[in-house]
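Topology and contacts: notes
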Amino acid sequence: MQQVIRHPRIGEVTLSRTRRAHRLSVSVRPPGRVRLTLPARMPLREGLAFLDEKADWVIETLRRVAERHPVRLLLPPYRTWSHELELVEALGERPSAWITADRIRVALPAGMAPETEEGQQVIRAAVERTLRCEAKEVLPVMTAEIARRFGFRYGRVTVRAARGRWGSCSSHDDLSFSIFLMRLPRHLIEYVILHELCHTRFKDHSPRFHALLDRLLEGREKALRAELRSHAPEVI
């Protein structure tokens, strides 16, 4: 069983009761989540007293975690390929989100600030849903246009919420692209697509592969590759 409390010095703390716990423990995890674990039958007052004793350690650990894992908040102004994030106040007590022709509208109740973990989860989910819709609409069309221009043949095009790479090409010449491409400028999206199309000819990163890609890019492969490195396949 879990519940969330607010400690006067630490802030938000998740209380977790479990039969597997034989002793009290407190942990801090990125991006700054504090959890107090209690044995199932232990009185709550003992757990809170233990948390008070450990407050200095928790605060110092939170400081170190914040230095190592800085939180990047997803807030306006924020744009995807064709949508802009807009925050509004919810009429009820539950958050909601919907996508219009050019807006990602996220409605948060009065008691949920957009900077909180819960608020950020709602916003990120809405943005990822938007990126997926954009990727499904834009990337297959763009891939077909580039393939026609340069004479490539390929199989299917799929999109995924991949954070490890921008794109991939299978042994059957099926192409997969990260939805987070929709955060990049058009010329970098085209570079990634052309990179994967070149893998339909060469399945490695051999000199022949790079020679082909650089020729099609009119000598700009190294510059575009360096520019792409300044971005990461993420929401923000």
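This text goes with the structure placed above it.
Residues numbered from 1 in each chain as written. Predicted model: local features only at pLDDT ≥ 70, side-chain atom pairs only at ≥ 80, totals over all residues. Heavy atoms only, no water.

Examining the overall build of the chain
Note the threshold: Numbering goes from the N terminus for both helices and strands, where a helix is a DSSP run of H or I of at least four residues and a strand is a run of E of at least two. Throughout, exposure labels follow a simple rule: accessible area from a 1.4 Å probe, protein chains only, divided by the maximum for the residue type, with under 20% read as buried, over 50% as exposed, and the rest as partly exposed. Any two residues having at least one pair of non-hydrogen atoms within 4.5 Å are treated as being in contact. The protein chains shown are the only cover counted for residues, whose accessible areas, like all others here, come from Shrake-Rupley with a 1.4 Å probe. Here the positive residues are Lys and Arg and the negative ones are Asp and Glu; neither His nor the chain ends is included. A charge is said to be at NZ when it belongs to Lys, at CZ for Arg, at CG for Asp and at CD for Glu.
Secondary structure summary: the chain contains six helices and 10 strands in total. In terms of its C-alpha atoms, the chain occupies a principal-axis envelope of roughly 70 × 45 × 30 Å. Expressed as a percentage of the 236 residues in the chain, the buried residues total 39%. Long-range contacts, defined here as pairs at least 24 residues apart, represent 48% of the contacts in the chain between residues at least 6 apart. Counting every atom, the chain has about 14,200 Å² of accessible surface; 50% of that belongs to carbon and sulfur. Across the chain, 41 positive and 29 negative side-chain charges occur, with their mean positions spaced 6 Å apart.

Topic: the pairing of strand β4 (residues 33–39)
If a strand is regular, its side chains alternate between the two faces of the sheet. Note the threshold: The rule for pairing is simple: two strands pair if DSSP sees at least two bridges between them.
In terms of burial, β4 is largely enclosed, as five of its seven residues are buried. Judged from the five bridges that link them, strand β2 (residues 11–18) and β4 form a sheet pairing that is parallel. The partner of S16 across the bridge, within β4, is T37. The pairing of strand β3 (residues 25–29) with β4 spans five bridges and is antiparallel. The residue of β4 that forms the bridge with S25 is T37.

Things to note about the side chain of T200
Turning to its location among the elements, T200 is positioned in the loop between α4 (186–198) and α5 (207–216). Here T200 is in contact with F152, R153, Y154, C169, D173 and L175, once residues within four sequence places are set aside.

Details of α5
Heads up, the rule is: The directions from the helix axis to the C-beta atoms are what the arc is built from.
Within α5 the residues assigned to the buried category are F209, L212, L213 and L216. One side of α5 carries all its buried residues, which in axial view fall inside an arc of 95 degrees. Those residues of α5 that are exposed and angled more than 90 degrees off the buried face are P207 and R215. Buried residues along α5 sit against α3 (117–150), α4 and α6 (221–228). Where α5 terminates, the next one or two residues include E218, which has phi positive at roughly 55 degrees.

Observations regarding the environment of K136
Tracing the backbone through its elements, the reader meets K136 in helix α3. Exposure remark for K136: the relative accessible area of 54% places this residue in the exposed category. A sequence separation of 41 residues divides K136 from F177, and the C-alpha atoms of the two residues are 9.7 Å apart.

Re the environment of L36
Positionally, L36 belongs in strand β4. What makes L36 buried here is its relative accessible area of 0%. In sequence terms L36 and T61 are 25 residues apart; their C-alpha atoms lie 14 Å from each other. Setting aside residues no more than four positions away along its own chain, L36 makes contact with V13, T14, L15, S16, L24, S25, V26, G47, F50 and L51.

Observations concerning the packing of α3 against α4
Inclusion rule: Inter-axis angles, ranging from 0 to 180 degrees, are taken between N-to-C directions of lines fitted to C-alpha atoms, where helices are fitted over the stretch in contact. What makes a crossing left-handed is the near helix being turned counterclockwise from the far one by less than a right angle; a clockwise turn instead makes it right-handed. Gly is put with the polar residues, along with every residue not named as nonpolar or charged; the nonpolar set is Ala, Val, Leu, Ile, Met, Phe, Trp, Tyr, Cys and Pro, and the charged set is Asp, Glu, Lys and Arg.
At a closest axis distance of 10 Å, the pairing of α3 and α4 adopts a crossing angle of 65 degrees. Crossing geometry of α3 relative to α4 is assigned as right-handed. Residues L139, M142, T143, E145, I146, A147, R149 and F150 of α3 pack against R186, I189, E190, I193, L194 and L197 of α4. In the contact of α3 with α4, the residues fall into nine nonpolar, one polar and four charged.

What about the environment of T130?
Its location among the elements puts T130 in helix α3. When the C-alpha atoms of T130 and T100 are compared, they prove to be 9.7 Å apart, with 30 residues separating the residues in sequence.

Some points on the pattern of salt bridges
Rules: What counts as a salt bridge is simple: a side-chain nitrogen of Lys or Arg found within 4 Å of a carboxyl oxygen of Asp or Glu.
By the definition in use, this model includes 13 salt bridges. Ionic pairing is found between E60 and R64, a salt bridge with its closest N-O pair at 3.7 Å. You can see E60 and its partner R64 sitting in helix α2 (residues 55–68), four residues apart, about one turn around the helix. Its relative accessible area of 31% is what places R64 among the partly exposed residues. Between R225 and E221 there is a salt bridge; the shortest N-O distance is 2.8 Å. One end of the pair is R225 and the other is E221, both in helix α6 and four residues apart, which spans about a single turn. Judged by relative accessible area, which is 26%, R225 ranks as partly exposed. One network of salt bridges, in which partners are shared, links R79, E84, E86, D102, R103 and R105.

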